[in-house]
Amino acid sequence: MKIIVDTPEKLAQLAAQRYVELLKNKPNAVLGYATGSTPLGLYGELARLNAAGEVSFAEATTFNLDEYVGLEGTHDQSYRYFMNKNLFDKIDIKKENTNVPCGIDMTNEKAAQYDKAIEAAGGIDLQLLGIGHNGHIGFNEPGTPFGSVTHVVDLTESTINANARFFESINDVPTQAVSMGIKTVMNARSIIFIALGADKAEIVKKMICGEVTPEVPASVLQLHPDVEVYIDHAAASLL
Ligand code: F6R
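Residues numbered from 1 in each chain as written. Predicted model: local features only at pLDDT ≥ 70, side-chain atom pairs only at ≥ 80, totals over all residues. Heavy atoms only, no water.

Caption draft 1: Region of interest: the overall build of the protein. Helix and strand counts for the protein stand at 7 helices and 10 strands. Taken against the 2.2 N^0.38 rule, which gives 18 Å for 239 residues, the C-alpha radius of gyration of the protein at 17 Å falls within 12% of a compact globule. Based on the C-alpha atoms only, the size of the protein along its principal axes is roughly 45 × 40 × 35 Å. For the protein, the share of sequence-separated contacts (at least 6 apart) that also reach a separation of at least 24 residues comes to 78%. When the accessible surface of the protein is totalled, it reaches about 10500 Å², and 50% of it is carbon and sulfur. The averaged location of the 30 negative side-chain charges in the protein is 6 Å from the averaged location of its 19 positive side-chain charges. (Helix = DSSP H or I, 4+ residues; strand = E, 2+ residues; numbered from the N terminus. Rg over C-alpha atoms; globule rule 2.2 N^0.38 Å. Contact = heavy atoms within 4.5 Å. Areas by Shrake-Rupley, 256 points an atom, 1.4 Å probe, with all protein chains shown as cover. Lys, Arg positive; Asp, Glu negative; His and termini not counted. Charge placed at Lys NZ, Arg CZ, Asp CG, Glu CD.)

Below, the structure written as structure tokens:
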């Protein structure tokens, strides 16, 4: 695990360079993306570099980590909507090559097909991850088996509460999601993990220095051979 500590702006630039390098060497790379507030700086930087002609996504394929169950891709809180707005509409990627799990009529059987689609595309070259305060990656909440593939998840109260800020009322927050499993994530050849802010310091410490346990899903990353951890000074403050 390589740990890089810097300002959020510099981290976004450094992480973006990983995409520039990868896509230069492998224009048809398979990229795993995340939503949430943490990747926004990186997505802004990727859009800027794409507009400047320094990177092209024209041949790339993407797979997002997760989606809410029950929200159409046109819903402004769906992760499909988020990705279109914050990245896909701003870069030269072909929309048909972007994959976000479908949140409608989702079952575990259908969800597992997502892993098959990733495999058929050649596997994920570079997976981006953020982390929830409870250690979740994707929507793999504490207790998710390390052998899990893409599946339907019951969201914990802490995740529902954390997401309530994006909805009119807490009753509108979906209670289920579909998420790549831990095994799906661990199958990625390389992983970029980003965490920002003092509120992530405690869980970042557990992830890097704590016991590897399903109770802290992100701790599994200690077992991955190629992880780069991008954290700002506040998130690194307890290391
Ligand atoms: C979303 C995802 C989640 C987020 C996590 C942190 O696709 O994978 O695990 O990374 O909830 O969210 P933010 O970045 O909003 O703190």
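Now, onward.
Caption draft 2: Looking closely at the sheet that holds strand β4 (residues 66-68). Taking strand neighbours across the sheet as the criterion, the 3 strands line up as β4-β8-β7 in an open arrangement whose pairing is antiparallel. For this open sheet the edge positions go to β4 and β7 (151-154), each flanked by a neighbour on one side alone. Each adjacent strand pair in this sheet contributes to an overall mean axis angle of 25°, direction not counted. Here β7 runs beside strand β8 (residues 176-179); their pairing, made up of 4 bridges, is antiparallel. Along β8, the bridge assignment pairs Val153 with Ala177. (Pairing = 2+ DSSP bridges. Axes fitted to C-alpha atoms, helices over the stretch in contact; angles between N-to-C directions.)

Caption draft 3: Here's a closer look at the nonpolar core. In this structure, Tyr19, Leu31, Tyr33 and Phe57 are the most contacted members of the largest nonpolar core, which totals 61 residues. Setting aside anything within four residues of it in sequence, one finds Tyr19 in contact with Leu31, Tyr33, Leu42, Leu46, Val55, Leu126, Leu128 and Ile192. Counting residues in hydrophobic clusters, the runner-up holds 12 residues, among them Tyr68, Val100, Ala164 and Phe167. (Core = buried A, V, L, I, M, F, W, Y, C linked by side-chain atoms within 4.5 Å. Buried < 20%, exposed > 50% of the residue type's maximum accessible area, 1.4 Å probe, protein only.)

Caption draft 4: Looking closely at the side chain of Glu45. Along the chain, Glu45 turns up in helix α2 (residues 40-51). Setting aside its immediate chain neighbours within four residues, Glu45 contacts Ala12, Gln13 and Ala16.

Caption draft 5: Quick peek at the site of the ligand. By nearness alone, 15 residues border the ligand, and Thr38, Asp66, His136, Gly138 and Lys200 come closest of all. Separating an oxygen atom of the ligand from a side-chain N or O atom of Thr35 is a distance of 2.8 Å. Take Asp66: an N or O atom from its side chain is 2.7 Å from an oxygen atom of the ligand. Within the complex, 89% of the 410 Å² of free accessible area of the ligand lies under protein. Its residues assigned to classes, the shell around the ligand comprises 4 nonpolar, 8 polar and 3 charged. (Near = heavy atom within 4 Å. Polar contact = N/O pair within 3.5 Å; in protein donor to acceptor, adjacent residues only side chain to side chain. Nonpolar A, V, L, I, M, F, W, Y, C, P; charged D, E, K, R; others polar.)

Caption draft 6: Just the pattern of salt bridges, in detail. Per the stated rule, a full pass over the model turns up 7 salt bridges. Measuring nitrogen to oxygen at the nearest pair gives 3.0 Å for the salt bridge that ties Glu45 to Arg48. With a gap of 3 residues between them, Glu45 and Arg48 both fall in helix α2, about one helical turn apart. Of the residues examined, Arg48 reaches a relative accessible area of 46% and is grouped as partly exposed. The partner of Lys95 in a salt bridge is Asp89, with the nearest N and O atoms 2.6 Å apart. Classification of Lys95 as partly exposed rests on a relative accessible area of 36%. Within this structure, Lys2, Arg18 and Glu228 form a network of salt bridges that share partners. (Salt bridge = Lys/Arg side-chain N within 4 Å of Asp/Glu carboxyl O.)

Caption draft 7: Just the side chain of Glu228, in detail. Within the secondary structure, Glu228 sits in strand β10 (residues 227-231). According to the relative accessible area criterion, Glu228 is buried, its value standing at 10%. Of the polar contacts made by the side chain of Glu228, one reaches the side chain of Tyr230; its length is 2.5 Å.

Caption draft 8: View of the sheet that holds strand β5 (residues 98-99). Pairing is parallel across the open sheet formed by 7 strands, whose spatial order is β1-β10-β9-β6-β2-β3-β5. Lying at the two open borders of the sheet, with one neighbouring strand each, are β1 (2-5) and β5. The pairing of strand β3 (residues 61-64) with β5 spans 2 bridges and is classified as parallel. In the sheet register, Phe63 faces β5, and the bridge partner there is Asn99.

Caption draft 9: Up close: the packing of aromatic side chains. Inspection of the entire model under this criterion finds 8 aromatic pairs. Between Tyr33 and Phe88 the ring centres are 6.3 Å apart and the planes differ by 55°, which places this aromatic pair in the tilted class. You can see Tyr33 sitting in strand β2 (residues 30-33) and its partner Phe88 sitting in the loop between α3 (79-86) and β5, a full 55 residues away along the chain. Comparing Tyr33 with Phe88, the two get one shared label, buried. (Phe/Tyr/Trp six-rings, centres within 6.5 Å; stacked < 30°, edge-to-face > 60°.)

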